Amino acid sequence: MPDAITPATTDGPDHDRLLRANLERVFNERNGSMRARALDELYGADPVMYEPANVVRGRAAISEVAGKLLEQFGPDFRFVPDGAAVGHHGFGVLRWRAGPSGGPVVVTGSDVADVVDGRIERLWVMLDPQKT
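Residues numbered from 1 in each chain as written. Predicted model: local features only at pLDDT ≥ 70, side-chain atom pairs only at ≥ 80, totals over all residues. Heavy atoms only, no water.

Asks: Would you mind showing me how to read the packing of aromatic side chains here?
Replies: Each aromatic ring pair is described using two quantities: the centre-to-centre distance and the angle formed by the ring planes. Inspection of every chain in the model, using the stated rule, returns 6 aromatic pairs. Centre to centre, the rings of F73 and F77 are 4.7 Å apart; their planes meet at 20°, and the pair counts as stacked. In textbook terms, an aromatic cluster arises when at least three aromatic residues are bridged by ring pairs, as seen for F27, F73, F77, F79 and W96. (Phe/Tyr/Trp six-rings, centres within 6.5 Å; stacked < 30°, edge-to-face > 60°.)

Put into C-alpha cells, the structure is as follows:
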C-alpha cells in the first residue's frame, strides 16, 4: 500500500501542459485561425464549456467566446497561470488570474477540465468571487 504522503504516479495526460496550452493558445490567442488550430489539437470533437451564465458547445463556439472576451477587454488583456495544474483520473484544474499586461489583476478563477484521450472534452470556468 502506498504511503499516504507519497503522490501516486500515473501514465495519464499532462494536465499542466494541456491546461496551460489552453490558456495561452486559446484564451490568449487573438488570431482566429491560430485559435481554431489550437482548439483542434487541444479539444475533443464535440467539447462543451460551462461558464457561470452560459453553456458553450463546439470548438467554433468556444473560439468565438474567447475572441469576444479578448476584444471586450482590450489588446493588453491576458490570462496567466497561477501555479501548476493538478489532475488525476481524467480531471485537471488550473488556477489563473487575468488583467492587462503589467496592470492590476481584474479576475481570478480556475479551469476544471474533463480530459479524455489527452484532449479536453468538457471545461468548467470557475470565477472567484469579486473582492470588495
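Read on, since the account is not over.
Asks: Would you mind showing me how to read the pattern of salt bridges here?
Replies: When charged atoms on two side chains of opposite charge get close, those side chains can pair. Counted according to the given criterion, the structure contains 8 salt bridges. Of the charged contacts in the structure, one is a salt bridge between E24 and R78, with a shortest N-O distance of 2.7 Å. With E24 in helix α1 (residues 15–27) and R78 in strand β3 (residues 77–81), this residue pair connects regions lying 54 residues apart in the sequence. On the basis of relative accessibility, which here comes to 27%, the residue R78 falls in the partly exposed class. Residues K68 and E64 are paired through a salt bridge, measuring 3.0 Å at the closest nitrogen-oxygen approach. On the criterion of helical spacing, the pair formed by K68 and E64 is a turn pair, its members being 4 residues apart in helix α3 (residues 59–73). (Salt bridge = Lys/Arg side-chain N within 4 Å of Asp/Glu carboxyl O. Helix = DSSP H or I, 4+ residues; strand = E, 2+ residues; numbered from the N terminus. Buried < 20%, exposed > 50% of the residue type's maximum accessible area, 1.4 Å probe, protein only.)

Asks: Explanation requested: the environment of L39 in the structure shown.
Replies: Along the chain, L39 turns up in helix α2 (residues 32–42). You can call L39 buried: its relative accessible area is 1%. For the pair L39 and L19, spaced 20 residues apart in the sequence, the C-alpha separation amounts to 12 Å. Setting aside residues up to four positions removed in sequence, L39 forms contacts with V26, R59, I62 and S63. (Contact = heavy atoms within 4.5 Å.)

Asks: I'm lost on the layout of surface pockets in this one. Help?
Replies: Empty pockets left among the atoms are what a rolling probe the size of a water molecule brings to light. Considering only enclosed or pocket space, the largest pocket measures out at about 340 Å³ in volume. In this structure, the largest pocket is lined by 18 residues; those nearest its centre are L69, F79, W96, V125 and L127. In terms of residue count, α3 provides more of the lining of the largest pocket than any other element does, 4 residues in total. Residue composition of the lining of the largest pocket, by class: 15 nonpolar, 1 polar and 2 charged. (1 Å grid on protein atoms, 1.4 Å probe; cavity = no way out; pocket = protein on both sides within 12 Å on 5 of 7 lines; lining within 4 Å. Points joined across faces, edges and corners; volume = space filled by probe spheres on them. Nonpolar A, V, L, I, M, F, W, Y, C, P; charged D, E, K, R; others polar.)

Asks: Explain the pairing of strand β5 (residues 91–100) here, please?
Replies: Note on strand geometry: in a regular strand, side chains alternate between the two faces of the sheet. Sheet topology places β3 next to β5; 5 bridges connect them, and they run antiparallel. Bridge pairing in β5 places V80 opposite R97. Pairing between strand β4 (residues 86–88) and β5: 3 bridges, direction antiparallel. Residue pairing in the sheet places H88 in a bridge with F91 of β5. Between β4 and β5, which pair antiparallel one after the other, the connecting turn spans 2 residues, and H89 there sits at a positive phi close to 50°. Two elements, β5 and strand β6 (residues 107–116), share 8 bridges in a ladder whose sense is antiparallel. Pairing of G92 across the sheet is with A113, part of β6. Counting the residues that bridge the hairpin from β5 to β6 gives 6 residues, and of these G102 lies at a positive phi of roughly 75°. (Pairing = 2+ DSSP bridges.)

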